[in-house]
Structures are given as C-alpha cells and as structure tokens.
Amino acid sequence: MLEGEKKYYSSSVQTIVGTDEAGRGCLAGPVVAAAVILPINFINNDINDSKKLTNKKRRELAEIIKEDALAYSIKRVEAPVIDEINILEASRLAMKEAIESLDIPFDLVLSDAVHVDTIAPCIPLVKGDAICMCIAAASILAKVTRDDIMIGLDEKYPAYDFKSNKGYGTKKHLEALSTFGPIEGVHRYSYSPVALYLGALEKS
C-alpha cells in the first residue's frame, strides 16, 4: 500500500493528506469524508480499501489510525445539500472541509479519483484507496463514521432498516419507502428510487 504514495515524497513534499468519502451511492444519509495524514514511514499491512474489510476489522483499524495519525478530520454533507448541488459536488465539499480542518500544515493531497480544489495541490488517483495507505485510512474513517450515523438513524426510523442497509436501496428499504415515503432531511430526493415515493407520507 505504501508504494502508491512513496513516489510523491520529495524534499518539498514531506506531509501528504489522503482523502476519501463514503456513501455516494446511498439513497439516504449524508456523504461523509475523511482526511488523514500518516507519519511518513507509517506501516500497517492490514490497512486497505474499506470495502475489502469486515466491519470488525474496519473498527479496529479506525482506532489505530486515529491514535497513530499525525492529524485527521471527518466531515459530512447532508442529504438536502446533496440534492441541491449533486453527489459529486457534495463529495468534493465534504473532502475539502475535512482537508481544510486539519490542524497541521501539509504539502500535497492524494484523493480517491476526485479532484478537490483546496489549499494544496491535489492529485486524484483511480482506485486510490487500493494503492495508497493514506487514502485507504481515510476510507476506513469515513466508512466507520457513516455507518455509525446510519445506525443512529435506524434507532429513530426502524422501519427503514438503516442499521443493516446503511442507506443503500435494499428490498426492505425500498418497501419502507413505498409504505411510508422518504424522510425529509434524510433521504436524497434527487435520487430516482426515492423520487418515485415522494407522494407517500412518512409515518414512522
């Protein structure tokens, strides 16, 4: 994993930010982004693209990353803003806010495929979360944080089964949308599967 970012270190680049998001394809909930600065020689062979890890392993690694990172930040953009500016721009906004909330200076940003206009040069890398440890670390923090948000929403709206589907369009989620309609401020009205049910009343 380190090979992906090693080539970017130089005499003028000593501090690199990795950034990634979670939740772009979901029908409900925010998009969450994290930005992480790891020590230059940091190694943890378990860190990988969050989608390739179990929930238990992600949570174990999230604690390690928070403890060992030089700095990290996590930000979210809620569904109404996603509807207003679209999911790509909302992802960029969340990443930009996470990056610019870091409390130490940095020289370069590496992102997972999305260019972010921020205070340092940004290099978007296709499948960056599979080739760069700092991006993978950000993907883990973003995913764990977002999962916890959706578990919290499940306690408030149990009919939608958010604790299991995390906002994705599963059969049970779509059935709840059909029965109760979308939840204002939670569902992304601009997404076509949600828009189909805008006429239904949310009752739970």
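Once a new chain begins, its residue numbering starts again from 1 and follows that chain's sequence as written. Residues qualify for local features only when their pLDDT is at least 70, as the model is predicted, and side-chain atom pairs are given and counted only at 80 or more; totals for whole chains, interfaces and linings, by contrast, use all residues. For the side-chain quantities, the full set of heavy atoms in the structure was used; hydrogens and water were omitted.

Right, let's talk about the overall build of the protein for a bit. Runs of E in the DSSP output that reach at least two residues are strands. Runs of H or I that reach at least four are helices, and both are numbered from the N terminus. Of regular secondary structure, the protein possesses 9 helices and 5 strands. Mapped in sequence order, the helices and strands of the protein form the string α-β-β-α-β-α-α-β-β-α-α-α-α-α. C-alpha atoms define the radius of gyration in this analysis, and the globule rule sets the expected value at 2.2 Å times the number of residues to the power 0.38. The C-alpha atoms of the protein give a radius of gyration of 18 Å, which matches the 17 Å a tight globule of 204 residues would have. Counting only C-alpha atoms, the protein reaches 60 × 35 × 25 Å along its principal axes. In this scheme, a residue with accessible area under 20% of its type's maximum is buried, one over 50% is exposed, and one in between is partly exposed, where area comes from a 1.4 Å probe on protein chains only. For the protein, the proportion of its 204 residues judged to be buried stands at 50%. Where accessible areas are quoted, they stem from the Shrake-Rupley method and a 1.4 Å probe; at the residue level, only the protein chains shown are allowed to cover. Of the roughly 9500 Å² of accessible surface on the protein, 52% is carried by carbon and sulfur atoms. Charged side chains in the protein number 24 positive and 29 negative. The centres of these two groups are separated by 5 Å. Counted charges follow a simple rule, with Lys and Arg positive, Asp and Glu negative, and His plus the chain ends left uncounted. To locate a charge, take NZ of a lysine, CZ of an arginine, CG of an aspartate or CD of a glutamate.

Another point: the packing of aromatic side chains. Only Phe, Tyr and Trp rings take part, Trp by its six-membered ring, and two of them pair if their centres are within 6.5 Å. Stacked means planes under 30 degrees apart, edge-to-face means over 60, and tilted covers everything else. For the structure on display, the rule yields 2 aromatic pairs. On the basis of an interplanar angle of 15° and a centroid distance of 5.5 Å, the ring pair of Tyr 160 and Phe 162 is categorised as stacked. Just as Tyr 160 is buried, Phe 162 falls in that class too. Where Tyr 160 meets Phe 180, the ring centres are 6.3 Å apart and the plane angle is 50°; that geometry is what we call tilted. Here Tyr 160 is found in the loop between helix H6 (133-156) and helix H7 (162-165), whereas its partner Phe 180 is found in helix H8 (residues 171-180), with 20 residues between them in sequence. Given a relative accessible area of 0%, Tyr 160 falls into the buried group. By way of ring pairs, the aromatic residues Tyr 160, Phe 162 and Phe 180 are connected into one cluster.

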